[in-house]
Amino acid sequence: MKNIGKYIVLLFLFMTFWSCKEEELGPSVISDDSSVATAFDIWLNDNYVKPYNIKVYYKLKDIQTNRDYNVIPADPAKSWALAKVVKFLWAGTVDEYSGSDFLKMYSFREFQMEGTYEYNANTIILATASGGIKIVFCGVNNLRLNDLTNADYMVQTYIKTMYHEYTHILNQKKVVDATYGNISGSDYLGDDWTTRNTATANSLGFVSPYAGHSPGEDFAELTSIYITFGQNNWDNILKNAGTAGAAKLSEKLDIATTYFKNSWDIDINEFRKLFEQRKADLINLDVNI
Amino acid sequence: MKLIKYLFLFIPIIVITACVKDEETLFNDPPAIRMQKTIDEYKTLLTGSANGWIMDYYPEVSYAAGGFSMYYKFSADGNVDIACEIATNVPARQTVASTWDIIPYQGPVITFDTYNPVLHYFSEVSSTSDRDGRGGDYEFVVMKATQDTIYLKGLKNENKIVMWKAGSDPMDYLKQVSNTYNKANAYKNFNFELGGNIIGKVVMSSAITNDLLNRKFTASYTKNDKDTTETIAFIYTVEGIRLNTDLVVNGVSMRHFAYDDTERIFTCSDPGIKARFICTDKQVLKYEDFLGDYVMYYAVSNTATSSTRTLDVSLVAEKENISYCLEGLLATGSPGKILLQYSGGNLQLLGQIMYTAPETGYNFWLLPYSFPVAGSNYITQSTTVGMTSIDVDSSDGKVKFRMVNNGAWGTTYSVAGFLLRNYNGSTSLGNVNGKDGQPFYFFPIFEMK
């Protein structure tokens, strides 16, 4: 009786496998984007997808945006011009220094262009980043030809943010020396960072008020401001910081320099020179709106 | 042991139930394929209309701005031409191309996914104080479609929006709708007549928000012995207006009205209904009547007793039916635009920033300037204080009017004219001379040439 029971169980098991066997998968039922490729699409494929594995979305599906904001789609011609500038000042710089394979490994994966800024009750958002994956460029329709080739304007508006976020991508892969966070120890304010002005932040050894948020943001602020805002700006920050603040800032910069050298084989000063050169050359870039 | 046997008996039941293969399916295809089929059908429908589509477009939450007629011509390559009956970021009825798509969301959603200066005019935000701009949607859920009508719902604001197949000349349709607007928007006050009796009043909205003259009216009447007031949004048509919802009074439902500009009467055109809105305002000049070349008489002192200086100026259409550009006051080569608004047969010239320098952010102001008050003169950086037209006359076929204080500066101050001046915020950077080498324009009088 026991045996019969066993066989019955085996039979059922067999039936179960037989009756529930998987069907073969056919082609996907989700259709591809059927719209015709434009010259811009082809350019993006050649300049972002192939070399860097970055997808630039210049068409906006509003339902994929943050519903707290009312934004509109970007003008494709301006999106193209901005994509050229971002390639020139950000991706192209990293590419020239570390190679395109480096960007394929470590980069944002998506850019989204939005026509207008994201308006809060009192502030305007120029660009956002989420999850180290996606960068949203806001206010693209407001860009004028002379904004696009104005390196300082572009750095202030978008490029500094990109280096800030890119620093996060890198320091999430390889961690920064924990002693970095000890330099300012109890001076980090978390979300209350807005209560501090620039002068106070500098005097405490922060490169900007936002650097006073947390060691992670401090590191990204320091790196991005050091690279993108130029030596004069850095000297001014040190001057404003006073002796104690400047000492902290220099100590932080030393750790950052060592980190980029040892972890990523990037000489931050050489990289900055390259960036400076590209900033100076931006005026000659054909943005061709 | 017996218990175990019974347990074994249960197993096949469970297994069979779990693996039953012949489920009756409600639909033949999986959901993704059904959605794709629907999307393809709608794409075929939209691109299939040879003359495109007309949309009754209602921006702003709860239809608050009323409706605007839009034209769409969808192409299979993903492009779409869009025009609007009114001036947007481009002049009225000018067609601009961008892209469109239908994407799955809560059902198929028609989206306009690259910038179109016509459609996205209704959605763009430009200040932190008005975070939804004109509150227009540019993504629409398809609720229902027939071969010639598509029923949509704005994805964010949920306004119901209808699109129908355009006739042979859609741009002419928009032009005729504009003509109705041009004629009817001059009048605000009407008596509400139902079944031959005047039962109340209808007041057309004169609010212009974000350059949109709100297309709605407030009807007040007595219903079942109760005083009733309701506001209804509408859209202009070739004949008159079509209400967004029925106006229902004593069991009578009204939806369509024809406008007669000679009599200044809206007559309900729904079958068997006898209702009219009869204008109680006197006849006034229309927006387009003011367009043309003028001699402007003016003074350069706020104590002058007559306007003896002259300049050749022009009123040029800026936003059709809404505003004009007053050309000829600024020095040759000076950047900036002076705008006047049309409202109910009169013109408003208000304080305004004529130009903002892109490099410095400095503002070039047309600044309201007071009559002397106890021996002193005052100016104000206000965009509501200014001058309004009076004594508008066109009896000899040429428009004449003069501008006087609009009363918005309170009781102490009264606008005598304007001063041209540059500002860095509220700090003056000095006066700027106009066309005749003076920064002042007082007591302007306009006479059409």
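Just so we're clear, the structure is a prediction, and the values are computed from it rather than from any experiment.

Considering the overall build of chain A
Within chain A, the secondary structure is distributed over 11 helices and six strands. Burial statistics for chain A: of 289 residues in total, 38% are counted as buried. Long-range pairs, those at least 24 residues apart, make up 69% of the contacts in chain A with a sequence separation of at least 6.

Things to note about the overall build of chain B
A tally of regular secondary structure across chain B gives three helices and 31 strands. Scaling as 2.2 N^0.38, a compact globule of 449 residues should have a C-alpha radius of gyration of about 22 Å, whereas chain B reaches 29 Å, well beyond that. Once the C-alpha set of chain B is aligned to its principal axes, its extents read approximately 115 × 60 × 50 Å. Taking all 449 residues of chain B together, the buried fraction comes to 37%. Across chain B, the fraction of contacts at a sequence separation of at least 24, relative to all contacts at a separation of at least 6, is 48%.

Looking at the pairing of strand β11 (residues 197-204) of chain B
Residues and elements named next belong to chain B. Pairing geometry for strand β10 (residues 189-194) and β11, over six bridges, is antiparallel. Bridge assignment links Glu193 to a residue of β11, and that residue is Ile198. Where β10 folds back on β11, the antiparallel hairpin that results is connected by two residues, among which Gly195 adopts a positive phi of roughly 60 degrees. Direction of pairing for β11 relative to strand β14 (residues 216-223): antiparallel, over a ladder of five bridges. Its bridge partner lying in β14, Val203 is registered against Thr218.

A few points about the domain arrangement of chain B
When the parts come together, some accessible area is lost, and that loss is often what is quoted as the size of the interface. All names here are of chain B. Entries for chain B in the domain assignment read domain 1 (31-126 + 133-176), domain 2 (185-279) and domain 3 (287-448). Using C-alpha coordinates to define each centre, domain 1 is positioned 39 Å away from domain 3. Between domain 1 and domain 3, the contact holds four residues from the first and four residues from the second. Across the side of domain 1 that touches domain 3, the residue classes break down as four nonpolar, no polar and no charged.

Observations regarding the sheet that holds β10 of chain B
Across a sheet, strands are paired by hydrogen bonds formed along the backbone, either parallel or antiparallel in direction. Taken in spatial order, the eight strands line up as β10-β11-β14-β15-β16-β17-β18-β19 (chain B) and close into a barrel, and their pairing is antiparallel. Across this sheet, the average inter-strand angle for adjacent strands is 25 degrees, counted without regard to direction.

Remarks on the nonpolar core
Residues and elements named next belong to chain A. Leu82, Val85 and Phe137 are the most contacted members of the largest nonpolar core, which has 180 residues in total. Looking at this core, the element that brings in the most residues is helix α3 (residues 76-98), giving 11 residues. If we ignore the near neighbours within four places in the chain, the residues touching Leu82 are Met113, Phe137, Val140, Leu143 and Leu148.

Remarks on the packing of α3 of chain A against helix α11 (residues 268-281) of chain A
Residues and elements named next belong to chain A. Here α3 crosses α11 at 135 degrees, and the two axes come no closer than 10 Å. In terms of orientation, α3 and α11 fall into the oblique class. Where α3 crosses over α11, the two elements pack in a sense that is right-handed. Here α3 contributes Phe88, Leu89, Gly92, Thr93, Glu96 and Tyr97 to the contact with α11, which in turn contributes Phe271, Leu274, Phe275, Arg278 and Lys279. Classifying every residue of the contact of α3 with α11 by side-chain character gives six nonpolar, two polar and three charged.

Some remarks on helix α2 (residues 39-52) of chain A
Residue and element names in this part refer to chain A. The first and last C-alpha atoms of α2 sit 19 Å apart over 14 residues, in line with the 20 Å expected at 1.5 Å per residue. Asn45 marks where α2 bends most, by close to 35 degrees. Positive backbone phi, at 60 degrees, marks Asn53, one or two positions downstream of α2.

As for the pairing of strand β23 (residues 339-343) of chain B
All names here are of chain B. Of the two faces of β23, only the one carrying Leu340 and Tyr342 is buried; Leu339, Gln341 and Ser343 on the other face are not. Relative to β23, strand β22 (residues 323-327) runs antiparallel, the two sharing three bridges. Each bridged residue has a counterpart across the sheet, and for Cys325 the counterpart in β23 is Leu339. For β23 and strand β24 (residues 346-350), the ladder comprises three bridges, and the chain directions are antiparallel. From the neighbouring strand, Ser343 faces β24, where its bridge partner is Asn346.

Some details on the packing of helix α9 (residues 215-228) of chain A against helix α10 (residues 230-264) of chain A
Residue and element names in this part refer to chain A. Where α9 meets α10, the closest approach of the two axes is 11 Å, and the angle between their N-to-C directions is 110 degrees. For the element pair α9 / α10, the angle class is roughly perpendicular. Within the contact between the two elements, α9 uses Phe219, Leu222, Thr223 and Tyr226 and α10 uses Trp234, Lys252, Leu253 and Ala256. Partitioned by chemical class, the residues of the contact of α9 with α10 number six nonpolar, one polar and one charged.

Description of the sheet that holds strand β7 (residues 139-145) of chain B
Residue and element names in this part refer to chain B. In spatial order, the strands read β4-β3-β2-β1-β9-β8-β7-β6-β5; together these nine strands make up an open sheet with antiparallel pairing. Because the sheet does not close on itself, it has two edges, and the strands there are β4 (96-99) and β5 (101-105). Between one strand axis and the next, the sheet turns through 35 degrees on average, direction left out of account. Pairing of strand β1 (residues 53-57) with strand β2 (residues 68-74) involves five bridges; the strand directions are antiparallel. Looking across to β2, one finds that Tyr57 is bridged to Phe68.

As for the confidence of the model for chain B
Looking at chain B, pLDDT values average 92 and 94% of them are 70 or higher. Of the two predicted TM-score estimates for the complex, the pTM is 0.85 and the ipTM is 0.82.

Section: unusual backbone geometry
All names here are of chain B. One non-glycine residue with positive phi stands out, namely Tyr63, at about 60 degrees. Residue placement: Tyr63 occurs in the loop between β1 and β2. The backbone phi angle of Arg264 is positive, close to 60 degrees, even though this residue is not glycine. Note that Arg264 resides in the loop between β17 (252-260) and β18 (265-268).

Quick look at α10 of chain A
All names here are of chain A. Between its first and last C-alpha atoms α10 spans 22 Å; for 35 residues at 1.5 Å apiece the expected length is 51 Å, and the helix comes up short by more than 12%. A bend of about 130 degrees at Gly242 is the largest found in α10. Of all the residues in α10, the buried ones are Ile237, Ala241, Gly245, Leu249, Lys252, Ala256, Tyr259 and Phe260. Of the surrounding secondary structure, the elements contacted by the buried residues of α10 are α7 (179-184), α8 (198-203), α9 and α11. Just past α10, the residue Asp265 takes up positive phi, approximately 55 degrees.

A closer look at the environment of Thr180 of chain B
By secondary structure assignment, the location of Thr180 of chain B is in helix α3 (residues 170-184). What Thr180 of chain B contacts, discounting residues up to four positions off in sequence, is Tyr236, Thr237, Val238, Gly240 and Tyr259 of chain B.

Thoughts on the environment of Gly52 of chain B
All names here are of chain B. Counting through the fold element by element, Gly52 comes out in the loop between α2 (31-48) and β1. On a C-alpha basis, the gap between Gly52 and Leu330 in space is 43 Å, while along the polypeptide they are 278 residues apart. Excluding anything up to four places from it in sequence, Gly52 contacts Tyr71, Tyr72, Lys73, Ala166 and Pro170.

The rules behind each value
- Residues numbered from 1 in each chain as written.
- Chains lettered and ligands numbered in written order.
- Predicted model: local features only at pLDDT ≥ 70, side-chain atom pairs only at ≥ 80, totals over all residues.
- Helix = DSSP H or I, 4+ residues; strand = E, 2+ residues; numbered from the N terminus.
- Buried ≥ 20, exposed ≤ 12 C-beta atoms within 10 Å, placed from the backbone.
- Contact = placed C-beta atoms within 7 Å.
- Rg over C-alpha atoms; globule rule 2.2 N^0.38 Å.
- Pairing = 2+ DSSP bridges.
- Domains from an automatic or database assignment.
- Nonpolar A, V, L, I, M, F, W, Y, C, P; charged D, E, K, R; others polar.
- Axes fitted to C-alpha atoms, helices over the stretch in contact; angles between N-to-C directions.
- Core = buried A, V, L, I, M, F, W, Y, C linked by C-beta atoms within 7 Å.
- Parallel < 35°, antiparallel > 145°, perpendicular 65-115°, else oblique.
- Left-handed = near helix turned anticlockwise from the far one by under 90°.
- Expected span 1.5 Å × (residues − 1).
- Bend = angle between axes of the 7 residues up to and from the residue.
- pLDDT = per-residue confidence, 0-100.

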